[in-house]
Amino acid sequence: MTELTGMTAAEVTAWMKAEGYPAFRGSQVFRWIHQGADFDGMTNLSKGMREELKAKAVAQPVTVQLSRRSALDDTVKLLYALKDGNCVEGVIMRYKYGVSLCISTQVGCRMGCRFCASTLEGRIRDLTAGEMLGEILAANRFLAEEAETEGGEVEKVSHVVLMGSGEPLDNYDQVIRFLRLLREEEGVRISLRNVSLSTCGLVPKMYDLAEENLPVTLCVSLHAPNDEIRRQTMPIAERWSVKEILDACRNYIRKTGRRVIFEYALVDGQNAGEAEAAELAELLRGLQCHVNLIPLNEVKERNLKGVSEETVRRFMKVLEEKHISVTRRREMGDDIDGACGQLRRKTLESVRSEEPCGSSN
Ligand code: SAH
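Residues numbered from 1 in each chain as written. Predicted model: local features only at pLDDT ≥ 70, side-chain atom pairs only at ≥ 80, totals over all residues. Heavy atoms only, no water.

Comments concerning helix H6 (residues 203-210)
Owing to its 3.6 residues per turn, the α-helix aligns residues three or four sequence positions apart on the same side.
Then step 1. Of the positions making up H6, those classed as buried are Val-203, Met-206, Leu-209 and Ala-210. One side of H6 carries all its buried residues, which in axial view fall inside an arc of 110°. (Buried < 20%, exposed > 50% of the residue type's maximum accessible area, 1.4 Å probe, protein only. Helix = DSSP H or I, 4+ residues; strand = E, 2+ residues; numbered from the N terminus. Arc of directions from axis to C-beta.)

Take a look at the structure:
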């Protein structure tokens, strides 16, 4: 089966031509795909053509298998089914400026961060560019159905964060292809300025990304002011030092003109004291950056504790006094296993079926 979802309009057209269809059918199919339609819904193609295409190709590689809406806010956690029976997670977050979707880039992850649920069983496989786009298309279909049943305007995903399961820079080529697809003329058309990519710090790939001429916001999961503390939770810290990461960030800022965002999850007794805050402020001095403090979402398999409100406040105050731009991430979807990998794990545990996601497709 050919997955058309990961192709540019030109590539879909070339494939259609090679299969013996006229070129204009290519742009029709491409437009339908980006509107979230499967072959059955491509109503300007003949029934026969739709059946032929169905036998050869995939238009929508991702479907929503389960959704959970937070009672605390409007956040929706999605569990997506992939064609091979694997599943990944996504989160829809509604902001004043639009709808942001957190997408996964791999099934599982091999980075081994101690606080993260996605990495508990390692990496199962990389997602394709088409599957990453498919996550957006499935979320858009979900939003349309929601509007239909509940009334209200149909919303679409306007912002994307690559912060779900997986390490985006460990699946570099497919992630870059996916980013380029977002700005195809007749496609979903999400501005790359509305896209953030989060990495645990794969230094050489951070340099590569700076050369792609893609104006995405680079986020770095730093979580520590020095190598010693970082090594306690992030195995990748054995490979690249904080200094090497910051050098790569400086290069990214120079090449793209965009500030870098540092994510910092506060872990009790580890990285959350005022001394660590001061060390972090010193480290980031003069850098065009922003710090995003993340309250740790405690994962039951991991023996790490979050911090009190008072500790967050004190940490923030130290940074602010040293003129480091800092915000505290809104704790969204805390009641729906919003943290990376949590919903998938729970589902895997609760279905205990032969099939990875307990799904029938
Ligand atoms: N691999 C990439 C992107 C996926 S993780 C990265 O490391 O950045 C997305 C963000 O969620 C990272 O900042 C990660 O450190 C954070 N995260 C993972 N598990 C978490 C947890 N239990 N609580 C809070 N943040 C978590």
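From this point, things continue past the structure.
Considerations on the pattern of salt bridges
Then step 1. This model, assessed by the stated rule, comprises 28 salt bridges.
Then step 2. With a shortest N-O distance of 3.1 Å, Arg-69 and Glu-146 are connected by a salt bridge. In this pair, Arg-69 sits in strand S3 (residues 62-69) while Glu-146 sits in helix H4 (residues 129-150), placing the two residues 77 residues apart along the sequence.
Then step 3. A relative accessible area of 12% means that Glu-146 is categorised as buried.
Then step 4. Salt-bridge contacts for Glu-310 lead to Arg-313; the nearest nitrogen and oxygen are separated by 3.0 Å. In this pair, Glu-310 and Arg-313 both sit in helix H10 (residues 309-321), 3 residues apart, roughly one turn of the helix.
Then step 5. Residue classification places Glu-310 among the partly exposed positions, given a relative accessible area of 35%.
Then step 6. Note on Arg-313: relative accessible area 47%, which makes it partly exposed.
Then step 7. One network of salt bridges, with partners in common, ties together Arg-69, Asp-74, Arg-94, Glu-146, Glu-150 and Glu-155. (Salt bridge = Lys/Arg side-chain N within 4 Å of Asp/Glu carboxyl O.)

Brief notes about the confidence of the model for the chain
Then step 1. The pLDDT averaged across the chain works out to 92; a share of 91% of its residues lies at or above 70.
Then step 2. For residues 350-361, every residue scores under 50 in pLDDT, and the model assigns this stretch 17 contacts once sequence neighbours within four places are set aside. (pLDDT = per-residue confidence, 0-100. Contact = heavy atoms within 4.5 Å.)

Some details on the pairing of strand S10 (residues 195-199)
Then step 1. Taken across its 5 residues, S10 has 5 buried, putting it largely inside the fold.
Then step 2. Burial along S10 is two-sided: the residues Val-195, Leu-197 and Thr-199 and Ser-196 and Ser-198 are all buried.
Then step 3. By the bridge criterion, 3 bridges tie strand S9 (residues 157-162) to S10 in an arrangement that is parallel. What sits directly across from Leu-162, in S10, is Leu-197.
Then step 4. Across 4 bridges, S10 lies against strand S11 (residues 217-221) in parallel orientation. In the strand pairing of S11, Ser-196 is matched with Thr-217.
Then step 5. Traced from S10 through H6 to S11, the parallel crossover comes out right-handed. (Pairing = 2+ DSSP bridges. Right-handed = clockwise from strand over helix to strand, strands pointing away.)

Observations concerning the site of the ligand
Then step 1. In the vicinity of the ligand lie 18 residues, with Ser-198, Ser-221, His-223, Glu-263 and Asn-297 positioned nearest.
Then step 2. Within the contact set of the ligand, an oxygen atom lies 2.6 Å away from a side-chain nitrogen or oxygen of Ser-198.
Then step 3. Contact between the ligand and Asn-297: a nitrogen atom at 2.8 Å from a main-chain N or O atom of the residue.
Then step 4. Protein chains bury 94% of the 530 Å² of accessible surface belonging to the ligand in isolation. (Near = heavy atom within 4 Å. Polar contact = N/O pair within 3.5 Å; in protein donor to acceptor, adjacent residues only side chain to side chain. Areas by Shrake-Rupley, 256 points an atom, 1.4 Å probe, with all protein chains shown as cover.)

Side note on the pairing of S9
Then step 1. Within S9, 5 of the 6 residues are buried, which leaves the element mostly enclosed by the surrounding structure.
Then step 2. In the sheet, strand S6 (residues 98-102) pairs with S9 via 4 bridges, with the strands oriented parallel. Of the residues in S9, the one forming a bridge with Val-99 is Val-157.
Then step 3. Handedness of the β-α-β unit built from S9, helix H5 (residues 172-181) and S10 comes out right-handed.

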